[in-house]
Structures are given as C-alpha cells and as structure tokens.
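# Structure at a glance
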Amino acid sequence: MTQQNFGRGGTSKLQRWDSNLYDTHARFVGDLAQEAVGLLGPKLDERILDLGCGNGYLTQKIASTGALVIGFDFSEELVTAARHLGLNVFLGNAEEMEFESCFDAVFSNAALHWMRRADLVAERVFMALKSGGRFVGEFAGAGNARLIREAVHSALERRGFIAEEIDPWYLPTMEQYRDVLVAAGLNVVHITLFDRPIVLDYPIADWIRTFGSPYLTVLSEDERPTFLDEISKALAPHLLGRDGRWTVDYTRLRFRAEKP
C-alpha cells in the first residue's frame, strides 16, 4: 500500500467561493460531468448524496432523472445558492458527516481534491451508503494544473513562503486513491486517470482567483495583482494560445466503488 501524507497543505479550507464568480467561471465543471454522471447511472427514486455539490447546478441535473438527491457542501456561499434553486442541501465538512446507511449512491464531481483527509471522507461515505451502494466521482488527480502550480509555487518561494504548505489540493495517483477506497471497505470496480485540457474564456489570473484563492491568502490585497501578473507572464509561453485564450492543463481521476 502506498504511504500517503494527508496533513500537508492545510489551506484547502481557506478557499472562498463567490457564487456569481463561480457561475461565470466554473460552469464548465458541471458541463463536463456527463461521463461521471453516466457512471453513476441515477435511477428513479434512488436516494443520492451529491458530495461537494457547489451551487447545485449539477445536483439539479441529477435530480431531473427522478432520483431523490441531497446536496452537501463546505461553502456557505454555495450552499445558499443551491438552496435558492429549491434543493435540499446540508452545510458541513465531509470528514465529519454522520449519515448512516442512508443512500443508494454518493456522487462527487470536482470536489474531492479539496478534501485533504481523503481517508476520513471515504470512511464517512462508506458509513453513509446502504449495503450494495456505490460511490462514484471525478476530481483532479496527480499532475493536475502542473504548470500553473509550478509557476505559483516558484512565485511564492521567491517571496519566502514554503509553497508545499500552502498548496490546497489533494491530487492522488490512481494507485493512491484506490488504496484509500479499499482501506475504507469499498470494492473498486472502475478507476482511471486522464488528461483533459480546458480552454478558458477569461484570463489565467481569474482562474487562480476562482479556483486557487488559498494561494492568495498569504499575500496582502496590494501584493496580489503583481503576484498574478508575474505568474501570467511566466505561463504565457506555455498556456496562452495565438488566439489569446488560455489553456489549463487539467487531469481528472474518475472512479466507481461499491459497498459490499
């Protein structure tokens, strides 16, 4: 079994979501989840927990299949937005969920990389599932946004910070995450890691503001524009296209595991 350090990068809980910015800059996250939802295969009247449901955009789509979907998210701002859609959503930390044998399935899209104690989350998911239930998800895996993270880390280290302690994400390999699921008692029936570059319709600095705000928490408001400009210049030769659009070098880990 691969040794994992779940304690590094404690800034993930510092991520702050603006619901308007999320709707503008993160809509593609839900739009690209069709294959993960297909792997979930929601059925009429099934009870499904959407773990890390965000603003409820994808939760609403899953509910439209006739499944009984409950949302769960750490962000008060996004939970409020999801509730405005009429969804039943809980606010809380996935490491501390207390559902017991409630759900036919737990689903998560683009959220598990924010949950650094992956072992505790998997244990809580196992507890929440009925016997024979399934845990299906997709999130950022090993190598995700590698070029961006390298540029950000270099800029932080030039300012005297230890970048590894600020990096907010949990980005496992397939083998590492398989070990997490198995240790929680789940049977892994599908797992894959793949590249999925995304072309943005906005500057790379706005992507960092939207998805990487923990990086900025160590800087004053006055320092942030210079920091982001420095990173943008470093990344331009690699990620800025001739058409003026930026590409993010995403990787995704997609899986399905089942409770015996």
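Residues numbered from 1 in each chain as written. Predicted model: local features only at pLDDT ≥ 70, side-chain atom pairs only at ≥ 80, totals over all residues. Heavy atoms only, no water.

### Some points on the pattern of salt bridges
Considering all chains together, one arrives at 15 salt bridges under this definition. We note a salt bridge from Arg-196 to Glu-138, for which the minimum N-O separation is 2.8 Å. Residue Arg-196 is found in the loop between β6 (187-195) and β7 (198-199), and its partner Glu-138 is found in strand β5 (residues 129-140); the two are separated by 58 residues along the sequence. By the burial criterion, Arg-196 is buried, and Glu-138 matches it. (Salt bridge = Lys/Arg side-chain N within 4 Å of Asp/Glu carboxyl O. Helix = DSSP H or I, 4+ residues; strand = E, 2+ residues; numbered from the N terminus. Buried < 20%, exposed > 50% of the residue type's maximum accessible area, 1.4 Å probe, protein only.)

### Some details on the packing of helix α10 (residues 204-211) against helix α12 (residues 224-239)
Angle between the axes and distance between the axes are the two parameters that describe a pair of packed helices. It is at 9 Å that the axes of α10 and α12 come closest, and there the two elements cross at 125 degrees. Between α10 and α12, the interaxial angle falls into the category oblique. In terms of crossing hand, the pair formed by α10 and α12 is right-handed. Only Leu-228, Ile-231, Ser-232 and Leu-235 of α12 make contact with α10, whose side of the interface consists of Ile-204, Ala-205, Ile-208 and Arg-209. Considered class by class, the residues forming the contact of α10 with α12 number six nonpolar, one polar and one charged. (Axes fitted to C-alpha atoms, helices over the stretch in contact; angles between N-to-C directions. Parallel < 35°, antiparallel > 145°, perpendicular 65-115°, else oblique. Left-handed = near helix turned anticlockwise from the far one by under 90°. Contact = heavy atoms within 4.5 Å. Nonpolar A, V, L, I, M, F, W, Y, C, P; charged D, E, K, R; others polar.)

### Focus on the packing of aromatic side chains
Summed over all chains, the structure comprises 14 aromatic pairs. With a centroid separation of 5.1 Å and an interplanar angle of 65 degrees, the aromatic rings of Tyr-177 and Phe-255 are classed as edge-to-face. Placement of Tyr-177 in helix α9 (residues 174-183) and of Phe-255 in strand β9 (residues 251-258) is noted, with a sequence separation of 78 residues between them. In this structure, Tyr-177 and Phe-255 share a single accessibility class: buried. In this structure, Lys-259 packs its charged tip against the face of Phe-126, placed 4.5 Å from the ring centre. (Phe/Tyr/Trp six-rings, centres within 6.5 Å; stacked < 30°, edge-to-face > 60°. Lys NZ or Arg CZ within 6 Å of the ring centre and 35° of its normal.)

### Considerations on the nonpolar core
Grouped together as the largest cluster of nonpolar side chains are 31 residues, with contacts concentrated most on Ile-148, Trp-207 and Phe-227. Not counting chain neighbours up to four residues away, the residues in contact with Phe-227 comprise Val-152, Ala-155, Leu-156, Arg-159, Leu-216 and Leu-219. (Core = buried A, V, L, I, M, F, W, Y, C linked by side-chain atoms within 4.5 Å.)

### Details of the sheet that holds β6
An order of β3-β2-β1-β4-β5-β9-β6 is seen for the seven strands of this open sheet, with the pairing classed as mixed. Each having just a single partner strand, β3 (89-91) and β6 make up the two edges of the open sheet. Direction aside, the axes of adjacent strands within the sheet are offset by 15 degrees on average. Taken together, the six bridges between strand β4 (residues 103-109) and β5 define a ladder with parallel strand orientation. Looking at β5, one finds that Phe-103 is bridged to Leu-129. Across the face of the sheet, helix α5 (residues 76-83) comes into contact with β2 (68-73) and β3 while running at roughly 165 degrees to β3. Running over the sheet, α9 touches β5, β6 and β9 and is turned about 155 degrees from β6. (Pairing = 2+ DSSP bridges.)

### Some details on the pairing of β2
Counting buried positions along β2 yields five of six residues, so the element is predominantly enclosed. Sheet analysis places strand β1 (residues 47-51) next to β2, joined by five bridges and oriented parallel. Counted as the bridge partner of Leu-49 is Ile-70 from β2. Read as a crossover between parallel neighbours, the route from β1 over helix α4 (residues 57-63) to β2 is right-handed. Note: β2 against β3, three bridges, orientation parallel. Looking across to β3, one finds that Gly-71 is bridged to Val-89. Taking the sense of rotation as the criterion, the β-α-β connection linking β2, α5 and β3 turns out right-handed. (Right-handed = clockwise from strand over helix to strand, strands pointing away.)

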